[in-house]
Amino acid sequence: MSQKVLDRKGRFRNKIISFRVSPEESIMLERKVKLSGLTKQDYLINSILDKEIVVEPNSYVITSIKKEIHRSIENEDDQEIREWMEEMLLAFNGKEKTKIKPIEDPRQ
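What you see is a predicted model; the values in this text were computed from it and never measured. (Residues numbered from 1 in each chain as written. Predicted model: local features only at pLDDT ≥ 70, side-chain atom pairs only at ≥ 80, totals over all residues. Heavy atoms only, no water.)

Engineer: Which residues make up the side chain of S64, and what values do they have?
Structural biologist: Inspection of the secondary structure assignment puts S64 in helix α3 (residues 59–74). Classification of S64 as buried rests on a relative accessible area of 8%. Those residues in contact with S64 that lie beyond four places of it in its chain are K34 and L35. (Helix = DSSP H or I, 4+ residues; strand = E, 2+ residues; numbered from the N terminus. Buried < 20%, exposed > 50% of the residue type's maximum accessible area, 1.4 Å probe, protein only. Contact = heavy atoms within 4.5 Å.)

Engineer: Any chance you could break down unusual backbone geometry for me, citing the residues and the numbers?
Structural biologist: Across residues other than glycine, the phi torsion is negative in most instances, and most of the peptide bonds are trans. Residues other than glycine seldom take positive phi values, yet D50 does so here, at roughly 55 degrees. Among the structural elements, D50 can be located in the loop between α2 (40–48) and β1 (53–55). The class of D50 is partly exposed, set by a relative accessible area of 48%.

Engineer: Could you give an account of a nonpolar patch on the surface, with specific residues and numbers?
Structural biologist: A cluster of nonpolar side chains, I17, F19 and V21, forms an exposed patch at the surface whose accessible area comes to about 340 Å². On the accessibility criterion, V21 (40% relative accessible area) is partly exposed. (Patch = residues over 30% accessible without salt bridge, like charges linked within 9 Å, V, L, I, M, F, W, Y side chains within 5 Å. Areas by Shrake-Rupley, 256 points an atom, 1.4 Å probe, with all protein chains shown as cover. Salt bridge = Lys/Arg side-chain N within 4 Å of Asp/Glu carboxyl O.)

Structural data, given as structure tokens:
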């Protein structure tokens, strides 16, 4: 029998939730997940439950930020990602971790 896989807090996650997204939403989700340094599952759970997302500046996150900076220079329409990165970089100033709240959609 296989061993149960527990999350970081020792909880057994056994419920499956799935949904469809547009290609544009998928790209934006992938970009935010890479910038957060979390797994997609952890990022989605924290975002849906309106929890703060704790980002630890490691080499993976720094590389993702560099790629996003180059991408946002080329694309002027990435205002949401730019604001997210700016908040993250300002919070990194001398700290080991930073907390980011999901940006509320102004259209709602």
